[in-house]
Amino acid sequence: EAAVTQSPRNKVAVTGGKVTLSCNQTNNHNNMYWYRQDTGHGLRLIHYSYGAGSTEKGDIPDGYKASRPSQENFSLILELATPSQTSVYFCASGEWSQNTLYFGAGTRLSVL
Amino acid sequence: GEQVEQRPPHLSVREGDSAIIICTYTDSATAYFSWYKQEAGAGLQLLMSVLSNVDRKEEQGLTVLLNKKEKRLSLNLTAAHPGDSAVYFCAVGANAYKVIFGKGTHLHVLP
């Protein structure tokens, strides 16, 4: 069964601190994505990747970096966290040929 | 770029009634259409997806209609039950790399 695992599930960070959110997929999908979900905005794409070594900017990349060191792993990095980055973050993997995205359970991040 | 509007934002129906959620989009090149369900505290799960050459698809009490002329995608839950209570999202895009999600519909099915 397709699986996307995010860690941590919950995180409290301080303003100005560095935060790394991790995502691992066992689907062998080429494409991976990071979204954030906020009330009134739905899901918005932050970064995505076509495969190991590639990262692309999504619709709201400012304040975020991404890293795809391998097919299985895709990280989202907040170098200097701000309270406006308090949100629920979702990782997903997918293949165009399958016409679907598989989502992780989400990471709830609070920046104080 | 692509714009997606989803309505209604909140929907309450009685058990056994139909629930209809609609998304409209702007880009005529859109070829990827999906509906996702999000239960409390969980990620999104695919309900159904269609490609642009499909007008209607039915599966397990769900009907997806695609009207490309009017750029409208709809999800109809026939005979809704309390287990269907969740947030529903449409997702559209010209390809799987840049999918745009609607803002979601909170569906509440009353017993």
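Along each chain, residue indices are assigned from 1 in the same order as the chain's sequence is written. Numbering of ligands from 1 and lettering of chains from A proceed in the order in which they are written. Under the rules for a predicted model, residues below a pLDDT of 70 receive no local features and side-chain atom pairs below 80 are neither given nor counted, while totals for whole chains, interfaces and linings still include all residues. Only heavy atoms go into the side-chain values, all of them from the structure, while hydrogens and water stay out.

A. Main features of the pattern of salt bridges. Each salt bridge in this description consists of a side-chain nitrogen of Lys or Arg and a carboxyl oxygen of Asp or Glu lying within 4 Å of one another. Tallied over the entire structure, the rule returns 8 salt bridges over all chains. As a salt-bridge pair, A:Lys65 and A:Glu79 come within 3.2 Å of each other at their nearest N and O atoms. With A:Lys65 in strand β7 (residues 65–67) and A:Glu79 in the loop between β8 (75–78) and β9 (87–95), this pair connects stretches of sequence that are 14 residues apart. Where B:Asp55 meets B:Lys68, a salt bridge forms, and the shortest distance between an N and an O atom there is 3.1 Å. Residue B:Asp55 is located in the loop between β5 (44–51) and β6 (56–59), and its partner B:Lys68 is located in the loop between β7 (62–67) and β8 (72–77); the two are separated by 13 residues in the primary sequence. The exposure class assigned to B:Lys68 is partly exposed, which follows from its relative accessible area of 37%. When salt bridges with common partners are traced through the structure, they connect A:Arg36, A:Asp38 and A:Arg44 into a single cluster. Labels follow the DSSP assignment, with helices taken as runs of H or I lasting at least four residues and strands as runs of E lasting at least two, numbered in each case from the N terminus. The cut-offs for exposure are 20% and 50% of the maximum accessible area for each residue type, with area from a 1.4 Å probe on protein chains only; residues under the lower value are buried, those over the upper are exposed, and the others partly exposed.

B. Focus on the environment of A:Ala66. Residues and elements named next belong to chain A. By the element assignment, alanine 66 lies in strand β7. With 45 residues separating them in the primary sequence, alanine 66 and leucine 21 have C-alpha atoms 9.5 Å apart. In what follows, a contact means two residues having at least one pair of non-hydrogen atoms within 4.5 Å. Not counting residues up to four positions away in its chain, the partners in contact with alanine 66 are His47, Thr55, Phe74 and Ser75.

C. Representation of the state of the cysteines within the structure. All names here are of chain A. Throughout, disulfides are identified as pairs of cysteine sulfur atoms within 2.5 Å of each other. This model, assessed by the stated rule, comprises 2 disulfides over all chains. Between cysteine 23 and cysteine 91 runs a disulfide, and the two sulfur atoms are separated by 1.9 Å. Residues cysteine 23 and cysteine 91 share a disulfide whose torsion about the S-S bond is about -80°; that sign makes it left-handed. Here cysteine 23, found in strand β3 (residues 19–25), pairs with cysteine 91, found in strand β9; they are 68 residues apart in sequence, far enough to count as distant. Classification of cysteine 91 as buried rests on a relative accessible area of 0%.

D. Quick look at the interface of chain A and chain B. On the side of chain B, 24 residues touch chain A, which itself brings 21 residues to the contact. Summed over both partners, the accessible surface that disappears when two parts come together, traced with a 1.4 Å probe, is what is meant by buried area. Interface of chain A and chain B: buried area, both sides summed, is about 1800 Å²; carbon and sulfur atoms make up 59% of it. At the junction of chain A with chain B, the criterion picks out 0 salt bridges. Here a polar contact is taken to be a pair of N or O atoms separated by no more than 3.5 Å, where protein atoms must pair a possible hydrogen donor with a possible acceptor and residues adjacent in sequence count only if both atoms sit in side chains. Seen at the junction of chain A and chain B, the total is 3 residue pairs in polar contact (both at pLDDT 80 or more). Of all the secondary-structure elements, those providing two or more residues to the side of chain A that touches chain B are β4 (31–38), β5 (42–49) and β10 (100–103) of chain A. Across the side of chain A that touches chain B, the residue classes break down as 11 nonpolar, 8 polar and 2 charged. Three classes are used, and their members are as follows: Ala, Val, Leu, Ile, Met, Phe, Trp, Tyr, Cys and Pro are nonpolar, Asp, Glu, Lys and Arg are charged, and the others, Gly among them, are polar.

E. Focus on the packing of aromatic side chains. Pairing of aromatic rings covers Phe, Tyr and the six-membered ring of Trp, with a centre-to-centre limit of 6.5 Å; geometry is then stacked below 30 degrees between planes, edge-to-face above 60, and tilted otherwise. Tallied over the entire structure, the rule returns 11 aromatic pairs over all chains. Here A:Tyr33 and A:Tyr35 contribute two aromatic rings whose centre-to-centre distance is 6.2 Å and whose plane-to-plane angle is 25°, an arrangement assigned as stacked. On the basis of relative accessible area, A:Tyr35 is assigned to the buried category, the value being 0%. Centroid distance B:Tyr36 to B:Phe101: 5.8 Å. Interplanar angle 55°. Geometry classified as tilted. One end of the pair, B:Tyr36, is in strand β4 (residues 32–38); the other, B:Phe101, is in strand β10 (residues 100–101), with 65 residues separating them in the sequence. Aromatic ring contacts, followed pair by pair, group A:Tyr33, A:Tyr35, A:Tyr48, A:Tyr50, A:Phe90, A:Phe103, B:Tyr36 and B:Phe101 into a single cluster.

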